[in-house]
Amino acid sequence: MSYRKRLTQGRLLTKGRLGFGRQADLDTSGGEAAGGAVSRAVREDSSLLSIGLIQAGLVILVAVAVVAGQQLLAMVLMGMALLAVLGRFWAKVSAKGLTVRLRASKTRMFPGDEITLSYQVKNQKALPVLWVDIQQPLPWPVCMEPVLEESRLRKMSQEEKTMFGIGSGSGVGDLDGEKAEQTCYLFEERCSLIGGYETVAFETCWRAVRRGIYPLKNARLYTGDGFGITRYRFGFSGDSHRHFVIYPKVIPVSADKFMRNLWEGESGSRGLMEDTSVIKLTRPYQNGDSMKRMNWRMVARGQEPTVNQYEVISPRAIHFIFDGQSFCQRKSRGEGGQKEFPLLEEALSILTSLALRFADRDMDFGFSFPATDRLPAVNLLAGSGQGGWAYGGENLMGEILYRMAEYEPRGQRNPGATAEKADGDAKTAESVFLEEELLSKGEQIGMYYYVTFHEETAAESRLLKRMVKAGRPVRALTYEMLTALKEGGADSGKRG
């Protein structure tokens, strides 16, 4: 089975950020923890009557009206005060003993894949719950969206954006002063009248649209009284596993260039390595055979000349250094005026496709990713130790694909950055790598590829200059050379 199917079908049960196995259970409950995956219920004042000062003021006004002899006014104010207290008590009781479980058929996908999300709302008390609202924001860029659920989608108000943290350091800010209101939607589902000790379940179908991380920490669950006076909010916890991962799009690519560079390279440094301590077999001497391979023991015994053939061990690994910032030279506008980087998306798509091809061929490879606004720089070396456990095989593959899905250029999450120049003129920040670690390790790496937009950015790279000075085998892999790796395109033999 290919690595792509094993990743999306949950068969890579590994450490790291791969998430869950074949199915993922994401639980939440109001006020009490359910499997450690919940947040406490928080009371929200949905009307003026739910505010404590207003309720106290009503009681004072009732006393004043009674003293003044205004019996009718006193009765009206008393009714309002009782209604406010009853609504607050009703909402608090409704939030207790309420459990919401979300089960996903899988949590790792590629664009175009569809999954089923199963919601289960359980009332674990005798008192019925009048309503439960489930809200899931779809901030820009939308990496997951419901299928055929337009009736459950609505535009988010500016107040809701602020509540969900969209537009302030979440990557959804304004661009050139333009609001992104038309791109921010909210998925809503209401469960009505859940009886005592009753469970209500429903399913929705979602589709992966583009690469990215869709977290559930911003999901909101609401319940309250029947008068609409007070409501309680609770949601999924901010645990790192409570998210969906959508990998970059996979396209047909050719990995023959990298195979030739390894298997036809110089012996010992970049290509095949022979273990001279293990003789695989011998064969009769032929014209042109190296005298170093001659089996002199058999010649000394008077036997006909033979040459040794040694056991061949695997070639050394290849390592990609991804200069993501260099691919932000060109910007375009998506829906709502949001910034998009089409060259960056295409480069990540090609690299993901190459990684899957390497994995299917059991080739050793690794990646170095620069720091982003959310994650630090990292060197994912094949067979090295990182984070307390050794990367190797499936663990390494999962971490590489996660970083590709998560990658976002530095400085794009700053809400104050609004000044943009014309395409190709914007000055981008330089990628920041763990240079010292990369230069001190990598004994088993036969070739480094510095992935960058064009040769000019490669020439300005401090890391590339240090690697060349240190004598490391490194080549620049530009955007033009990357696109040539697509199947059907001419294979590029250029070197940096």
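Residues numbered from 1 in each chain as written. Predicted model: local features only at pLDDT ≥ 70, side-chain atom pairs only at ≥ 80, totals over all residues. Heavy atoms only, no water.

1. Focus: a negative patch on the surface
Quick note on the threshold: Two distance rules govern patches: like charges are joined within 9 Å, and nonpolar side chains (Val, Leu, Ile, Met, Phe, Trp, Tyr) within 5 Å, applied only to residues with over 30% relative accessible area and no salt bridge. Per-residue accessibility takes into account occlusion by the displayed protein chains alone, with areas from the Shrake-Rupley method and a 1.4 Å probe. Here a salt bridge means any side-chain nitrogen of Lys or Arg lying within 4 Å of a carboxyl oxygen belonging to Asp or Glu. Note that His is not counted, nor are the chain ends; the positive residues are Lys and Arg, and the negative ones are Asp and Glu. For this purpose, a charge sits on NZ of Lys, CZ of Arg, CG of Asp or CD of Glu. Note on conventions: DSSP H or I runs of at least 4 residues are helices, E runs of at least 2 residues are strands, and numbering of each starts at the N terminus.
Side chains of Glu-430, Glu-455, Glu-456 and Glu-460 sit close together on the surface and give a patch of like negative charge. Looking at the element boundaries, Glu-455 is found in helix α10 (residues 455-459).

2. Structural notes on the pattern of salt bridges
Heads up, the rule is: Relative accessibility thresholds used throughout: buried, under 20% of the residue-type maximum; exposed, over 50%; partly exposed, between the two (1.4 Å probe, protein chains only).
Summed over the entire model, instances satisfying the criterion amount to 13 salt bridges. The residue Arg-190 makes a salt bridge to Asp-133 at a minimum N-O spacing of 2.6 Å. Of this pair, Arg-190 sits in strand β9 (residues 185-194) while Asp-133 sits in strand β6 (residues 129-138), and the two are 57 residues apart along the sequence. Under the relative-accessibility criterion, Asp-133 is labelled buried at 13%. A salt bridge links Glu-189 to Arg-152, with the shortest nitrogen-to-oxygen separation between them at 2.9 Å. Here the residue Glu-189 occupies a position in strand β9, and Arg-152 occupies one in the loop between β7 (144-146) and β8 (153-155), the gap between them amounting to 37 residues. Beyond isolated ion pairs, a larger network of salt bridges with shared partners links Glu-435, Glu-436, Arg-462 and Arg-466.

3. Some words on the sheet that holds strand β17 (residues 317-322)
To be explicit about the condition: Here the rule is simple: two strands pair whenever DSSP picks up at least two bridges between them. Axis lines are fitted through C-alpha atoms, for helices just across the contact stretch, and the angle between N-to-C directions can take any value from 0 to 180 degrees. Here, two residues are considered to be in contact whenever any of their heavy atoms come within 4.5 Å of each other.
The mixed open sheet is built from five strands, whose spatial order is β21-β20-β17-β24-β25. Across the chains shown, the open sheet's two edge strands, defined by having one partner strand only, are β21 (378-380) and β25 (474-477). Along the sheet, successive strands turn relative to each other by an average axial angle of 20°, direction set aside. In this structure, strand β24 (residues 445-451) lies alongside β25, joined through four bridges in parallel fashion. Across the sheet, the residue bridging to Tyr-448 is Val-474, located in β25. Helix-sheet contacts for helix α7 (residues 342-360) involve β17, β20 (365-369) and β24, and the interaxial angle to β17 is about 165°.

4. Re the environment of Arg-88
With respect to the helices, strands and loops of the structure, Arg-88 is situated in helix α3 (residues 71-95). The class of Arg-88 is partly exposed, set by a relative accessible area of 26%. For Arg-88 and Thr-230, which are 142 residues apart along the polypeptide, the C-alpha to C-alpha distance reads 5.5 Å.

5. Some details on the side chain of Ser-431
Our working rule: N or O atoms closer than or at 3.5 Å make up a polar contact, with two conditions inside protein: a donor-capable atom paired with an acceptor-capable one, and, for residues adjacent in sequence, both atoms drawn from side chains.
Assignment of secondary structure puts Ser-431 in the loop between α8 (394-406) and α9 (435-440). Taking the relative accessible area as the measure of exposure, Ser-431 reaches 8% and is therefore buried. In this structure the side chain of Ser-431 is engaged in a polar contact, spanning 2.4 Å, whose partner is the side chain of Asp-323. Polar side-chain contacts of Ser-431 include one of 3.2 Å to the backbone nitrogen of Gln-325. Setting aside chain neighbours within four positions, we find Ser-431 in contact with Asp-323, Gly-324, Gln-325, Pro-370 and Arg-410.

6. A short note on α7
Keep this limit in mind: The length a helix should cover is 1.5 Å for every residue beyond the first.
Between its terminal C-alpha atoms α7 stretches 27 Å, which fits the 27 Å expected from 19 residues at 1.5 Å a residue. For α7, the tally of buried residues reaches 14 of 19 residues, placing the bulk of the element in the interior. Trailing α7 by a residue or two, Asp-362 shows a phi angle of about 60°, which is positive.

7. Some thoughts on the sheet that holds strand β14 (residues 243-246)
Taken together, three strands build an open sheet; the order of strands is β4-β14-β11 and the sheet is mixed. For this open sheet the edge positions go to β4 (108-109) and β11 (212-215), each flanked by a neighbour on one side alone. Pairing analysis gives two bridges linking β4 to β14, with the strands arranged parallel. Among the inter-strand pairings, Arg-108 is bridged to a residue of β14, identified as Val-245.

8. Quick notes on a nonpolar patch on the surface
Taken together, the side chains of Leu-83, Leu-86, Phe-89 and Phe-227 present a nonpolar region at the surface, about 390 Å² in accessible area. Tracing the backbone shows Leu-86 in helix α3.

9. Observations regarding the confidence of the model for the chain
Here is the rule: Known as pLDDT, the predictor's confidence for each residue is given on a scale from 0 to 100.
On average, residues of the chain carry a pLDDT of 75, and 69% of them reach 70 or more. For the chain, strand β23 (residues 389-390) is the element with the lowest average pLDDT, namely 34, and β20 is the one with the highest, namely 93. In this model residues 10-38 is a low-confidence stretch, pLDDT under 50, and it forms 96 contacts with partners more than four residues away in sequence or in other chains. In this model, residues 490-496 is a region of pLDDT below 50 whose contacts with residues beyond four sequence positions or in other chains number 14 contacts.

10. Some details on the pairing of strand β3 (residues 98-104)
The buried fraction of β3 is high, at five of seven residues. Pairing geometry for β3 and strand β5 (residues 114-123), over seven bridges, is antiparallel. Considered in β5, the bridge of Leu-98 is made with Asn-123.

11. Structural notes on the packing of helix α2 (residues 52-67) against α3
Inclusion rule: The labels follow the angle: roughly parallel below 35 degrees, roughly antiparallel above 145, roughly perpendicular from 65 to 115, and oblique for the rest. Two helices crossing with the near one rotated counterclockwise from the far one by less than a right angle form a left-handed crossing, whereas a clockwise rotation gives a right-handed crossing. Throughout, the ten residues Ala, Val, Leu, Ile, Met, Phe, Trp, Tyr, Cys and Pro are labelled nonpolar, Asp, Glu, Lys and Arg are labelled charged, and all others, Gly among them, are labelled polar.
For the pair α2 and α3, interaxial distance at closest approach is 8 Å and the crossing angle is 155°. When the interaxial angle is binned, α2 and α3 end up roughly antiparallel. Regarding α2 and α3, the two cross each other, and that crossing is left-handed. Contacts from Gly-52, Gln-55, Leu-58, Leu-61, Val-62, Ala-65 and Val-66 in α2 reach Gln-71, Leu-73, Ala-74, Leu-77, Met-78, Met-80, Ala-81, Ala-84, Val-85 and Arg-88 in α3. When its residues are assigned to classes, the contact of α2 with α3 shows 13 nonpolar, three polar and one charged.

12. Thoughts on α3
When the terminal C-alpha atoms of α3 are compared, their 36 Å separation across 25 residues agrees well with the 36 Å that a helix rising 1.5 Å per residue should span. Within the span of α3, buried status applies to Ala-74, Leu-77, Ala-81, Ala-84, Gly-87, Ala-91, Ser-94 and Ala-95. Close packing links the buried residues of α3 with α2, β3, β6, β12 (220-224) and β13 (230-234). Just beyond α3, the residue with positive phi is Gly-97, at close to 70°.

13. A word on the packing of aromatic side chains
This is how it is decided: Stacked, tilted and edge-to-face are the three classes applied to pairs of Phe, Tyr and Trp rings, where Trp contributes its six-membered ring and a pair requires centres within 6.5 Å; stacked means planes under 30 degrees apart, edge-to-face means over 60, and tilted covers the rest.
All chains considered together, the criterion is met by 18 aromatic pairs. Ring geometry for Phe-327 versus Phe-453: centroids 6.2 Å apart, planes at 80°, classification edge-to-face. Taken together, the residues Phe-327 in the loop between β17 and β18 (332-333) and Phe-453 in the loop between β24 and α10 connect sequence positions 126 residues apart. The exposure classification of Phe-327 matches that of Phe-453, with both residues buried.

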